[in-house]
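Residue-level structure breakdown
Take a look at the letters that make up each chain.
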Amino acid sequence: MHELAATDAVFVREDANTWRASELARGPWDPRAQHGGAPCGLLAHIAESAVQGEGWQLARLTVELIRPVPVDLLSSAVTTEAGRTTARVEISLLAQGKPVAKAHALLVRTQPVVPPEEALQRPLAPALSMPAPSDCTAPLRIPGLPDVRSFYYTATESRVAAGDDLAPDLRTPI
């Protein structure tokens, strides 16, 4: 079996359509299975890379997690249908030849947006009642989940804006 070196990447590309999940893809329920966010991120990356040329932006991504996605070698099958202003991408993610996730993506051509002059003259909305992300320093730790190298603790970063892990402040911004 191929040994993956310690890395900060959630996935390492083996070839054009093959990806190896690192331990950073791991979820909290089974050390052999990925957190759902890891394959969703991979599917978004594949969708954004599927259309040739500049100026495409992912507008919608619908993901179906069919079965637990293993922390192992995955292959992808991609079908792309591109027009002048939109592109549809369908992706299947497979483990040992069996589908584990599917995604449907819509990409649109980007265009410059010029707001009307009167919109530029209006005052900005008041600041939100929550602190700015840079002011949130306490990391979020989910009680009961193992604190190990994984997708939910190491590959993503969550900070507590107000309150604490057990009693978050759920104020609605004004």
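Anyway, here's the lowdown on the structure attached to this text. This is a predicted model, so every value here is computed, not measured. (Residues numbered from 1 in each chain as written. Predicted model: local features only at pLDDT ≥ 70, side-chain atom pairs only at ≥ 80, totals over all residues. Heavy atoms only, no water.)

Judged by nonpolar contacts, the single largest core of 27 residues is most densely connected at Phe-11 and Leu-74. Taken together, the elements giving at least two residues each to this core come down to β2 (18–21), α1 (37–50), β5 (86–95) and β6 (98–109). Counting residues per element, this core draws most heavily on α1, at 6 residues. Residues contacting Leu-74, with those up to four places away along its chain left out, are Phe-11, Asn-17, Thr-18, Trp-19, Gln-34, Leu-42, Val-69, Leu-93, Leu-94, Ala-95 and Val-100. (Core = buried A, V, L, I, M, F, W, Y, C linked by side-chain atoms within 4.5 Å. Buried < 20%, exposed > 50% of the residue type's maximum accessible area, 1.4 Å probe, protein only. Helix = DSSP H or I, 4+ residues; strand = E, 2+ residues; numbered from the N terminus. Contact = heavy atoms within 4.5 Å.)

Attention now goes to α1. Taking 1.5 Å per residue, 14 residues should reach 20 Å; α1 reaches 20 Å between its end C-alpha atoms and fits that length. Residues of α1 that are buried: Ala-38, Pro-39, Leu-42, Leu-43, Ala-44, Ile-46, Ala-47 and Ala-50. (Expected span 1.5 Å × (residues − 1).)

Under the definition given, this model contains 5 salt bridges. The salt bridge partner of Glu-14 is Arg-20, with a shortest N-O separation of 3.4 Å. The exposure class of Arg-20 is buried, given its relative accessible area of 9%. Here Glu-23 makes a salt bridge to Arg-26, at a shortest N to O gap of 3.7 Å. Beyond isolated ion pairs, a larger network of salt bridges with shared partners links Glu-14, Arg-20 and Asp-72. (Salt bridge = Lys/Arg side-chain N within 4 Å of Asp/Glu carboxyl O.)

Below, the discussion takes up unusual backbone geometry. Unusually for a residue other than glycine, Gln-96 sits at a positive phi of about 50 degrees. Inspection of the secondary structure puts Gln-96 in the loop between β5 and β6. Residue classification places Gln-96 among the exposed positions, given a relative accessible area of 76%.

This brings us to the environment of Phe-11. Structurally, Phe-11 can be placed in strand β1 (residues 11–15). Looking at Phe-11, the relative accessible area reads 15%, which means it is buried. A C-alpha to C-alpha distance of 8.2 Å links Phe-11 and Leu-24, two positions 13 residues apart in sequence. When residues no more than four places from it in sequence are discounted, the contact partners of Phe-11 are Trp-19, Arg-20, Ala-21, Ala-25, Gln-34, Ala-38, Pro-39, Leu-42 and Leu-74.

Further remarks concern the sheet that holds strand β4 (residues 73–82). In spatial order, the strands read β1-β2-β4-β5-β6-β3; together these 6 strands make up an open sheet with antiparallel pairing. The open sheet has two edge strands with one neighbour each: β1 and β3 (56–65). The mean inter-strand angle of the sheet, taken between neighbouring strand axes irrespective of direction, is 25 degrees. Alignment of β4 against β5, held across 8 bridges, turns out to be antiparallel. Among the inter-strand pairings, Ala-77 is bridged to a residue of β5, identified as Ser-92. (Pairing = 2+ DSSP bridges. Axes fitted to C-alpha atoms, helices over the stretch in contact; angles between N-to-C directions.)

Further remarks concern the pairing of β1. Pairing between β1 and β2: 4 bridges, direction antiparallel. Bridge pairing in β2 links Arg-13 to Trp-19. The turn linking β1 back onto β2 is made up of 2 residues.

This next bit is on the side chain of Arg-26. Tracing the backbone shows Arg-26 in the loop between β2 and α1. Dropping the residues within four chain positions of it, Arg-26 is found in contact with Pro-31, Ala-33, Gln-34, His-35, Val-71, Val-148, Arg-149, Ser-150, Phe-151 and Tyr-152.

What follows concerns the pairing of β6. As paired elements, β3 and β6 share 9 bridges and run antiparallel to each other. Paired with Leu-61 across the two strands is Ala-105, which belongs to β6. Here β5 folds back onto β6, and the loop between the two strands holds 2 residues, one of which, Gln-96, carries a positive phi near 50 degrees.

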